[in-house]
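Remarks on the overall topology
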Amino acid sequence: MLETGVRQVRVATSMVFGRRLNVRTVERLVADALATLEEFGSLGDDVDELAEGPFADPEERRDLQNRALQRTVRRLAKRSPFYRERLAGTDLDGLTTETLTRIPVTRKADLVRRPADFLCGKPYLVTQTTGTTGRPVQIWLSRYEMELWPALIALSVVLRGDIGPGDRMQINLSSRATAAVQEDVEVCRLVNASCHVVGQVPPEESVEHLLGRNSDTLPTLLTGNPSYLARMVTAARRLGCRPEEFALRSVYAGGEIMSRALTDALRDTFGARTVGDNFGMTELLPVGGRTCTHRHLHIDPNMGFTEVLDLETGEPAGPGRLGELTVTPYYPYRECMPVLRYNTGDVVRTLEGEPDCELAAVPAVSQILGKAGRLHRTADGLVTPRDIVEALDGTPGLPFPLRHDALVGDGGRLRVEVASRELTAAEVTGRLRDRGIDADVRVLPLDDAEAARRFPLRCDLLEHTFTRSHA
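One structure accompanies this document, and this report is about it. (Residues numbered from 1 in each chain as written. Predicted model: local features only at pLDDT ≥ 70, side-chain atom pairs only at ≥ 80, totals over all residues. Heavy atoms only, no water.)

Let's talk about the sheet that holds strand β14 (residues 370–371)
Spatial strand order, β10-β11-β12-β14: four strands in an open sheet with antiparallel pairing. Two strands lie at the open edges of the sheet, namely β10 (304–310) and β14, each paired on one side alone. (Pairing = 2+ DSSP bridges. Helix = DSSP H or I, 4+ residues; strand = E, 2+ residues; numbered from the N terminus.)

Side note on the side chain of Glu183
Note that Glu183 resides in helix α8 (residues 178–190). Buried charge without a partner: Glu183 forms no salt bridge, and the closest opposite charge is Arg334, 7.9 Å away. Apart from the residues within four sequence positions on either side, Glu183 is in contact with Trp149, Pro150, Ile153 and Leu285. (Buried < 20%, exposed > 50% of the residue type's maximum accessible area, 1.4 Å probe, protein only. Lys, Arg positive; Asp, Glu negative; His and termini not counted. Salt bridge = Lys/Arg side-chain N within 4 Å of Asp/Glu carboxyl O. Contact = heavy atoms within 4.5 Å.)

A look at the packing of helix α9 (residues 203–210) against helix α10 (residues 226–238)
Running from N to C, α9 and α10 point in directions that differ by 75°, and their axes come no closer than 8 Å. On the basis of the axis angle, α9 is roughly perpendicular to α10. Contact with α9, carried on its side by Pro203, Glu204, Ser206, Val207 and Leu210, involves Tyr228, Arg231, Met232, Ala235, Ala236 and Arg238 of α10 and no other residues of that element. Of the residues assigned to the contact of α9 with α10, the class counts are seven nonpolar, one polar and three charged. (Axes fitted to C-alpha atoms, helices over the stretch in contact; angles between N-to-C directions. Parallel < 35°, antiparallel > 145°, perpendicular 65-115°, else oblique. Nonpolar A, V, L, I, M, F, W, Y, C, P; charged D, E, K, R; others polar.)

Focus on the pairing of strand β5 (residues 221–224)
In β5, alternate side chains face the same way, and those of Leu221 and Thr223 on one face and Leu222 and Gly224 on the other are all buried. Relative to β5, strand β3 (residues 168–172) runs parallel, the two sharing four bridges. Its bridge partner lying in β5, Asn172 is registered against Gly224. Pairing analysis gives four bridges linking β5 to strand β6 (residues 250–254), with the strands arranged parallel. Residue pairing across strands places Leu222 opposite Val251, the latter belonging to β6. Read as a crossover between parallel neighbours, the route from β5 over α10 to β6 is right-handed. (Right-handed = clockwise from strand over helix to strand, strands pointing away.)

Looking at the sheet that holds β5
Spatially, β4-β3-β5-β6-β7-β8-β9-β13 is the arrangement adopted by the eight strands of the open sheet, whose pairing is mixed. Whereas interior strands pair on both sides, the edge strands pair on one side only; in this sheet they are β4 (194–197) and β13 (364–366). For this sheet the average axis-to-axis angle between neighbouring strands, irrespective of direction, equals 25°. Pairing analysis gives three bridges linking strand β9 (residues 296–299) to β13, with the strands arranged antiparallel. The residue of β13 that forms the bridge with His296 is Ser366. Each of β3, β4 and β5 touches α9; the most contacted strand, β3, lies at about 180° to it.

Some words on α8
For the α-helix, the turn length of 3.6 residues means that residues three or four positions removed from each other point alike. A rise of 1.5 Å per residue sets the reference length of α8, with its 13 residues, at 18 Å; its end C-alpha atoms lie 18 Å apart and thus fit the reference within 8%. Residues Ala179, Val181, Glu183, Asp184, Val187, Cys188 and Leu190 constitute the buried set of α8. (Expected span 1.5 Å × (residues − 1).)

Notes on unusual backbone geometry
Residues Tyr331 and Pro332 are joined by a peptide bond in cis, for which omega reads 20°. For Pro332, the location among the structural elements is in the loop between β11 (322–329) and β12 (342–349). Note that the residue after Phe400, namely Pro401, is joined by a cis bond; omega there is -15°. Tracing the backbone through its elements, the reader meets Pro401 in the loop between α12 (385–392) and β17 (404–408). With phi around 65°, Arg295 is a residue other than glycine that occupies positive phi space. Within the secondary structure layout, Arg295 lies in the loop between β8 (288–291) and β9.

So, α9
Among the eight residues of α9, eight are classified as buried, and the element is accordingly described as predominantly covered. Where α9 is buried, its residues meet β3, β4, β5, α10 and α11 (260–270). Of the residues flanking the end of α9, it is Gly212, one or two places downstream, whose phi is positive at about 75°.

So, the nonpolar core
Leu21 and Leu87 are the most contacted members of the largest nonpolar core, which totals 73 residues. Apart from the residues within four sequence positions on either side, Leu21 is in contact with Val11, Ser14, Met15, Val26, Tyr144, Leu148, Leu152, Pro332 and Tyr333. Judged by nonpolar contacts, the second largest core, of 27 residues, contains Val207, Cys241, Phe270 and Cys459. (Core = buried A, V, L, I, M, F, W, Y, C linked by side-chain atoms within 4.5 Å.)

Considering the pattern of salt bridges
Counted under the stated rule, the structure contains 33 salt bridges. Between Arg189 and Glu27 there is a salt bridge; the shortest N-O distance is 3.8 Å. Residue Arg189 is found in helix α8, and its partner Glu27 is found in helix α2 (residues 23–40); the two are separated by 162 residues along the sequence. The salt bridge partner of Asp310 is Arg321, with a shortest N-O separation of 2.8 Å. Linking Asp310 in strand β10 with Arg321 in the loop between β10 and β11, this pair joins segments that are eleven residues apart in sequence. For Asp310, a relative accessible area of 7% puts it in the buried group.

Structural notes on the packing of aromatic side chains
All chains considered together, the criterion is met by four aromatic pairs. Both rings, one in Phe82 and one in Tyr83, keep their centres 5.0 Å apart while their planes meet at 90°; by these two values the pair is edge-to-face. By the burial criterion, Phe82 is buried, and Tyr83 matches it. Among the aromatic residues, those joined into a ring-pair cluster are Phe82, Tyr83 and Phe118. Arg20 extends its terminal NZ or CZ atom over the ring of Tyr144, reaching a point 3.9 Å from the ring centre. (Phe/Tyr/Trp six-rings, centres within 6.5 Å; stacked < 30°, edge-to-face > 60°. Lys NZ or Arg CZ within 6 Å of the ring centre and 35° of its normal.)

Structural data, given as structure tokens:
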């Protein structure tokens, strides 16, 4: 127990003072937590404080954030040619959360145009974004990052009781998501759980794996993108599967908008008690967020600083306002290809009061409403991609996901196109109107292949090489 306490102090001290963490110490803390669970059955009353980290106390957070930002920008100005230019003339030692807004945001286009100028460390592995929202971005990671992130995540999920020995995780992520897949595999190793990297094969095969038809062990955890998980729901229902046939305890999704209807369908179809809607980006790892039962998005303040920039002014958004998530991962968690004030393009709404939920200690915003470039400014008001997804997803009798697109036409009127051979324009219009959305609707009777080409989703990144053909 004394050794565990010493390790906890070492990790906490490194986090507070911004020193490089000893990965092996973090891994040993994971092992300590597992040993405590095995011997005593619980981790004690102070586990929540340990899980939330040194940034959890609101009174201490501001000072810690300022010091973390100053440490991060000093390193960027010294090592990154891109940020050396951008930070010229900036008082790096006097930087605070308030004065940070004087530094221009970094955008995806900057990474695409000048990737080498962002390098600050020794590259070990290159990964890339999926490219579903434009040209993929290549991100270089160091060996330290690739070892540290899974250790930190493993410690967090063990402390929260999300995963442990005996669990089996089925990973239905595209092989393009190198960093995310590697993280999941390493987390399972560290917590003595097993995993199966299935990838995005035809969804019927993924359902077979969930049923354990190709293994003696049934998966207890499932991770994937919402649109692919939606196709798995459709496949399971088509195959006549019952929830009691599965052993899933939790499903974790991310990367796309997750509707209430899909959340409920995952619970009802697979029998999962927990369905998590997570936030994360390759460019921002290890910064991430979780959605609570009140449907707030809570973004971990320990690994980075998060801003919400007003859509109209570009300044910090006031209560109840729409804004773009902008994130700065702190050093020493991000070292090889870090970004400063990275504008994600994801739109959220700030909360009008303090959250009253199970994650209230962690700063929160609304769930992601869509990309800024995809907001629909109609004559009747603003319509977000989430508004439309929530209206159409889970239409009774139809498979998940229902493919669609929208734009604002002449006169500021919303026009919605839906790919379906079952729906009528009147039915779609009615579902939208029930959500307060007035639109001109066009239903296109497309086959699956043409619908995927016309309205692509992440579920279309299928890996066919070693899969069977399903007629």
